[in-house]
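What the coordinates show
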Amino acid sequence: MSILVGTQTRLIVQGITGREGTFHTEQMLAYGTNVVAGVTPGKGGQRALGVPVFNTVREAVEATGANASVLFVPAQHLKASAMEAIDAGIPLIVTLAEHTPVQDMMLCRMLAREKGVRLFGPNSFGIISPGKSKVGFMAHSIFTPGPVGLMSRSATNCYETVFMLSQRGIGQSTCIGIGGDMIPGTSFVEMLPDFQRDEQTEVIVIIGEIGGSAEERAAEYIQAHVTKPVVALIAGKNAPKGTSMGHAGAIVAADGTGSAQNKEKALREAGCHIAQSTEHVVELVQELIRREKH
Amino acid sequence: MSILVGTQTRLIVQGITGREGTFHTEQMLAYGTNVVAGVTPGKGGQRALGVPVFNTVREAVEATGANASVLFVPAQHLKASAMEAIDAGIPLIVTLAEHTPVQDMMLCRMLAREKGVRLFGPNSFGIISPGKSKVGFMAHSIFTPGPVGLMSRSATNCYETVFMLSQRGIGQSTCIGIGGDMIPGTSFVEMLPDFQRDEQTEVIVIIGEIGGSAEERAAEYIQAHVTKPVVALIAGKNAPKGTSMGHAGAIVAADGTGSAQNKEKALREAGCHIAQSTEHVVELVQELIRREKH
Amino acid sequence: MKLLEYQAKELFDQYGLATPKGVVLSSGEGAAEAVAAAGLDYPVVVKAQVQVGGRGKAGGVRFAQNPEELAEIVGALLFSSLKGIQVRQLLVVEKVEMAAEWYLSILLDRDAGMPMVIFSPCGGVDIEETARENPGAILKVPVNPLVGVADYTVQYLVSKSGIGGEHLPALKNLLCGLYRLFTQRDCLLAEINPVAVGKDGTLAAVDGKIDVDDSALQRHADLLAMREAHSEPPLVTQARAFRFLYIPVGAEGRVAVMSNGSGMLMSMIDLLSKKEISVACALDLGGGATKDRIREAVRIVLSTPGVDTLFICIFGGITRCDEVAEGVRLALEEGSGGSKVVVRMEGTNKEVGQEIIGRTPQAVSAGGIVEGVRIVSEMLSASAGRRDAK
Amino acid sequence: MKLLEYQAKELFDQYGLATPKGVVLSSGEGAAEAVAAAGLDYPVVVKAQVQVGGRGKAGGVRFAQNPEELAEIVGALLFSSLKGIQVRQLLVVEKVEMAAEWYLSILLDRDAGMPMVIFSPCGGVDIEETARENPGAILKVPVNPLVGVADYTVQYLVSKSGIGGEHLPALKNLLCGLYRLFTQRDCLLAEINPVAVGKDGTLAAVDGKIDVDDSALQRHADLLAMREAHSEPPLVTQARAFRFLYIPVGAEGRVAVMSNGSGMLMSMIDLLSKKEISVACALDLGGGATKDRIREAVRIVLSTPGVDTLFICIFGGITRCDEVAEGVRLALEEGSGGSKVVVRMEGTNKEVGQEIIGRTPQAVSAGGIVEGVRIVSEMLSASAGRRDAK
């Protein structure tokens, strides 16, 4: 199977006629992603890379029955574009832009939740189910189909891990770019039920980092509901301390929430295998899969 | 089991010191409902009927671990009170007031959905799991525990049905007042999964009426997912036609949506048993339960 | 509450939506002078202010070429009856030149639980026919109230309808104004039909309908005041004073039904209809009725012309049976011209209530709704028999 | 972007939050005259405008009883260095009488995904100690941004903290103003500590911190202009001009790390730290780097004092390897004083990129991050060896 994106995905590209939009639509088409429409206001009626372009997402959905959208739009327009996709009834929306105002995403996330829409990103590479469909701009050549379900706050750490996994012959079911921003549309914990349910996924990999408590919340869920083995890496143990957020930062983090130590502890206690580097992630996964086979 | 409310319910009464609030809190306590707190701004620190009163819902939740709230507040204050309960993290909120401005409820419903809160009403009698817990102002003496899960847009039609069911020795698992307003917080279709899952519920009864398409949407879900027998009554076949909603009303209802005929057709095609009166509902349920036993 | 056309246009004006120049007449005296004072040029259109469908076809919209014709039309139309409703005001407006007629409305869509914009480039009197025969010419877009009307909403209407991108700014302006009106004034419907498209692209609301949520009227004193101008059956007004809902059902019936919820009223009508008993009117008490309110309710429905039998069905949670019974007793004591009342009640303090009914002449208790319908049916036959016997 | 105290107070003023009367000095000349012109009464407080914790304890807050003392303090404090940061402005304010000191802030709570109000009746410099030792004295309430600050939010703060109901209107006013500031100005944090509670119950913001979301600065031209006044390392400023994030890590390091994402930078630092290699600085390119931008990035990090080794790790989706390599080549060609660059890249056009690196002196390709760390380690040992040999 794989989750979120696959052969059933009918994708809209918002911002298809922009520089990045065009380049990566070409890449997605080449990978076999079913891109059914593009949206650029004012360019409705044209075609881009053979794909029909519409002025609005709603028109695109009505004409093509699209069920996913990826946003190649600048950060300052992300809110309007995401809201348009949410309002048009798209159930899966992937945002990529860096430097998106946090409060914009905060509102988009709430509207998406109200509608039951799955919103990913921003500051994400997208989502890929290797061999089936890619939605985003990840360097797809390093991904291979297989049993590892992976989600990562960091694109680069994900690539590194996937590259080594694939080199050792271990493919991936679905890889999700959670995104590196303060408030991601969807976080680890919300995707764990899907990976737990997915038949293709045998091992779950979580690549987290310092800050926030997404990893701690994932640990709680894992302890209660996840029976598949989970490997986790927390980046940033030696990162320079950020200048603090006034007194408020110290007040909120008084219990150690957000530190690499706290996250590793929570995940370890939930039965996860804690990796010390991307290379170590791969070693642990390899060991777990070998164990599975015997 | 039963659904939504039961022995695990820890209830807050918002507006506990008002006339209706006091009367019905007494009734609920007498029925065995676990009323853990009341809320009336400005009366924090007092006790009402032995129940501690707080100024705000958040304080009440922090002090008592409440997991449900019922609102005995006037319609014009319903929005603020419901939002307070939603914001305070109460997962189940029951509103009762008649004459609530529709746009107020529209916003409350969206905020509740965003938070994953179950919001019921307004213009509802509440929710009762007979013999366990009542949350609302229903005349509880007519309810008896048993296998019928019932939900109704109309309080009075529900009472009539339940009265006759109980007279014939057929009890109820849980009865839900969906409420009679244009935009209820929760509609039939959202409760069907719970009744389908609930072990106590053997037969599901839906009491609908003309207007809207809640019954049509329930029919779709029933066809796809419900295996338990469903009995449905649609009131209002001979009701006087309301004055139309401008041209817009005619445009929206051009396909017959909202008429008793359309609803009965949809439900019948989904395999439901269509009753012609509350008495007929009871006869059909009796027959289904008899059949079940053989 | 449905506003009259001129009232809807007052709101349009408040929200910056252009309407044709006009003047309201509520007296036959000095019509021509009022029209002149308002600066209207002939020909003018005289429109009866009544809430009925097909007003134009019923003769409620007429054209006057000059003051003489105007006086004649005003004399004929004002205080006349249009489809049974008395015309109490006329709206006189200048005739508007239209390059095109659009349809635009915002409706509270109960299924989506949010407002819905409906737009068509084929507006005007035939819009409902268009809806049936060419539904593709009518666009429906939900508006998320947490977001409001967005640029993409207007872009969609323009792009999909094919009206031309040059109309985008004006349509956006119109839609945003109408949406503000819709949300700020607690509307269930705000409709403009037709939207007049001038040759220069300006848009004007030539006719409109606004339906305000009755439950929200208390927070709009100015709208509440507009009800004064409406023509409605006096019993509806009387009932509203007590926050009852009085619903005329059929002119021929002898039976009135009363309950504490519309669901039960519908069931009562459904069951009586099955026995071929015509219902004259229904009254919804709402919740929490006290004996004083019940007394008023009984008095109101029994004063309906032709009604001599009242069927009350109360299954009370928030309503107490003793209060209901006491209210019925009081109303009948005060004099009811021999009318009979059948009371079916269940709930709090039921026994006390039944005891009160038991000692009230002209009142009978019923054990259930079906039994109640049977008693009503027997009463009607018996009194018909008595009448026959005389 | 963290604002200086006086800048935060400018925003407080804009949003109707009272602040003590004060004046900003950015020159030692005429301090007493400026204070007099601003109408301040002695004693006054002189506050160094630097973004460091424990400013008071470090001597950054002093009291002057008269103009002479003021001149002395200004002379000593202005342009001095406080915890390594140059003091470029002083804020002089009247001393405020406080009946009580509260703490109030709004923080963007990343876990709840919404703003959180933090309030304590025990405000002031020891608030963090209170948070550790008496957490019950600190209240935290989420604010739903789709609703805003509601009456019940303020009611909760007043009721739970026990400050007394008489403070409700003033606290509501303060919190609503702060919340408007927070949302309209895209804050991550808006903090007032202490809130001075006057004997008459009036509230004033005696000190404050505001952190504005960098990603939203483009839409706040006035805030963007405030950055001019900030003291920050010149390389951070240089990097920002290209929308790079330059992060000083450790003063002792010879190695710089560069990547197209903070996750990888953290991994690189973690891996180098394990080999006991100190990192001097890190540079986050962001996505979509072109060869020109890479060239600038390489130039900037290599101009860090003491840095002679750069480890670049690019795993590109949106970044293309050929552009990266070309950028490195250009930067090294322009002169880099013998610095070495280790490049690990994967992604689009990888082969072309590797070929370019292959023919660039001073640059080496690595097959993976672990190999890259090994090469860096060997380079450092070798050059240390060479140094030792000399």
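What counts, and where the lines are drawn
- Residues numbered from 1 in each chain as written.
- Chains lettered and ligands numbered in written order.
- Predicted model: local features only at pLDDT ≥ 70, side-chain atom pairs only at ≥ 80, totals over all residues.
- Heavy atoms only, no water.
- Pairing = 2+ DSSP bridges.
- Helix = DSSP H or I, 4+ residues; strand = E, 2+ residues; numbered from the N terminus.
- Axes fitted to C-alpha atoms, helices over the stretch in contact; angles between N-to-C directions.
- Contact = heavy atoms within 4.5 Å.
- Core = buried A, V, L, I, M, F, W, Y, C linked by side-chain atoms within 4.5 Å.
- Buried < 20%, exposed > 50% of the residue type's maximum accessible area, 1.4 Å probe, protein only.
- Polar contact = N/O pair within 3.5 Å; in protein donor to acceptor, adjacent residues only side chain to side chain.
- Arc of directions from axis to C-beta.
- Salt bridge = Lys/Arg side-chain N within 4 Å of Asp/Glu carboxyl O.
- Buried area = accessible area lost by both parts, 1.4 Å probe.
- Nonpolar A, V, L, I, M, F, W, Y, C, P; charged D, E, K, R; others polar.
- Domains from an automatic or database assignment.
- Phe/Tyr/Trp six-rings, centres within 6.5 Å; stacked < 30°, edge-to-face > 60°.

What follows covers the sheet that holds strand E12 (residues 203-209) of chain B. Residue and element names in this part refer to chain B. Read from one edge of the open sheet, seven strands run E9-E8-E11-E10-E12-E13-E14, paired in mixed fashion. The sheet is open, and its two edges are formed by strand E9 (133-136) and strand E14 (273-275), each paired on a single side. Strand-to-strand, the axes of this sheet are offset by a mean angle of 15 degrees, without reference to chain direction. Two strands pair when backbone bridges link them, and strand E10 (residues 145-152) and strand E11 (residues 172-177) are joined in this way by five bridges, in the parallel orientation. The partner of Ser152 across the bridge, within E11, is Gly177. Contacts from helix H1 (residues 19-31) reach strand E8 (126-129) and E9, with the element oriented near 165 degrees to E9.

Moving on: the nonpolar core. Ranked by internal contacts, the top residues of the largest apolar core, which has 77 residues, are B:Ile12, C:Leu157 and C:Ile210. Counting residues per element, this core draws most heavily on helix H6 (residues 168-184) of chain C, which supplies eight residues. Excluding anything up to four places from it in sequence, C:Leu157 contacts C:Val117, C:Phe119, C:Leu139, C:Val141, C:Leu171 and C:Leu175.

The next subject is the side chain of B:Thr174. Residue and element names in this part refer to chain B. Mapping Thr174 onto the fold places it in strand E11. Here Ile3 takes part through its backbone nitrogen, which lies 2.9 Å from a polar atom of the side chain of Thr174. Within the local environment of Thr174, its side chain forms a polar contact with the side chain of Ser129, the two groups lying 3.0 Å apart. Excluding residues that lie within four positions of it along the chain, Thr174 makes contacts with Ser2, Ile3, Ile127, Ile128, Ser129, Pro130, Val148, Gly149, Leu150 and Phe195.

Take helix H8 (residues 234-241) of chain C next. At 3.6 residues per turn, the α-helix brings residues three or four places apart onto the same side. Residues and elements named next belong to chain C. Listing the buried residues of H8 in full gives Leu235, Val236 and Ala239. Across the axial projection of H8, the buried residues extend over an arc of 105 degrees, all falling on one side. Turned more than 90 degrees from where H8 packs its buried face, Pro234 and Ala241 sit exposed. Residues of H8 that are buried in the fold lie against strand E13 (245-248), strand E15 (279-284) and helix H10 (291-302). Looking one or two places after H8, you find Arg243, whose phi comes out positive at around 60 degrees.

Attention shifts here to the pattern of salt bridges. Scanning all chains against the criterion turns up 63 salt bridges over all chains. With a shortest N-O distance of 3.6 Å, C:Glu334 and C:Arg295 are connected by a salt bridge. Of the two residues, C:Glu334 sits in the loop between helix H11 (321-333) and strand E17 (340-348) while C:Arg295 sits in helix H10, which places them 39 residues apart along the sequence. The closest approach of N and O atoms between D:Asp211 and D:Lys2, which form a salt bridge, is 3.5 Å. Taken together, the residues span a long stretch of sequence, with D:Asp211 in strand E12 (residues 208-212) and D:Lys2 in the segment before helix H1 (5-14) at a distance of 209 residues. By relative accessible area, D:Lys2 is classed as partly exposed at 26%.

Residue and element names in this part refer to chain B. Taking strand neighbours across the sheet as the criterion, the seven strands line up as E3-E4-E2-E1-E5-E6-E7 in an open arrangement whose pairing is mixed. Where the open sheet ends on each side, the last strands, each with one partner, are strand E3 (47-48) and strand E7 (118-120). One ladder, built from two bridges, connects strand E2 (residues 35-39) with strand E4 (residues 51-54); its direction is parallel. The partner of Val39 across the bridge, within E4, is Phe54.

So, on to the interface of chain D and chain A. Each partner contributes residues to the interface: chain D has 69 residues there, and chain A has 57 residues. Overall, the association of chain D and chain A removes approximately 5100 Å² of surface from exposure, summing both partners, and the carbon and sulfur fraction of that is 61%. Here chain D and chain A share two salt bridges between them. Between chain D and chain A we count 13 residue pairs in polar contact (both at pLDDT 80 or more) in total. In terms of residue class, the side of chain D that touches chain A is built from 29 nonpolar, 22 polar and 18 charged.

The next point concerns the domain arrangement of chain C. Per the domain assignment, the segments of chain C are domain 1 (22-94), domain 2 (100-225) and domain 3 (234-384). Its C-alpha centre places domain 1 of chain C at a distance of 27 Å from the equivalent point of domain 2 of chain C.

This model, assessed by the stated rule, comprises ten aromatic pairs over all chains. Pairing B:Phe125 with B:Tyr159 gives two aromatic rings, centres 5.5 Å apart and planes at 45 degrees, and the pair type is tilted. Taken together, the residues span a long stretch of sequence, with B:Phe125 in the loop between E7 and E8 and B:Tyr159 in helix H5 (residues 155-167) at a distance of 34 residues. Across this residue pair, the class does not change: B:Phe125 and B:Tyr159 are buried. Judged by centre distance (5.8 Å) and plane angle (20 degrees), the ring pair of D:Phe242 and D:Phe244 falls under stacked. Residue D:Phe242 is classed as partly exposed on the basis of its relative accessible area of 26%. In this structure D:Phe244 comes out as buried when scored by relative accessible area, which is 4%. In textbook terms, an aromatic cluster arises when at least three aromatic residues are bridged by ring pairs, as seen for A:Phe125, A:Tyr159, A:Phe163 and D:Phe315.

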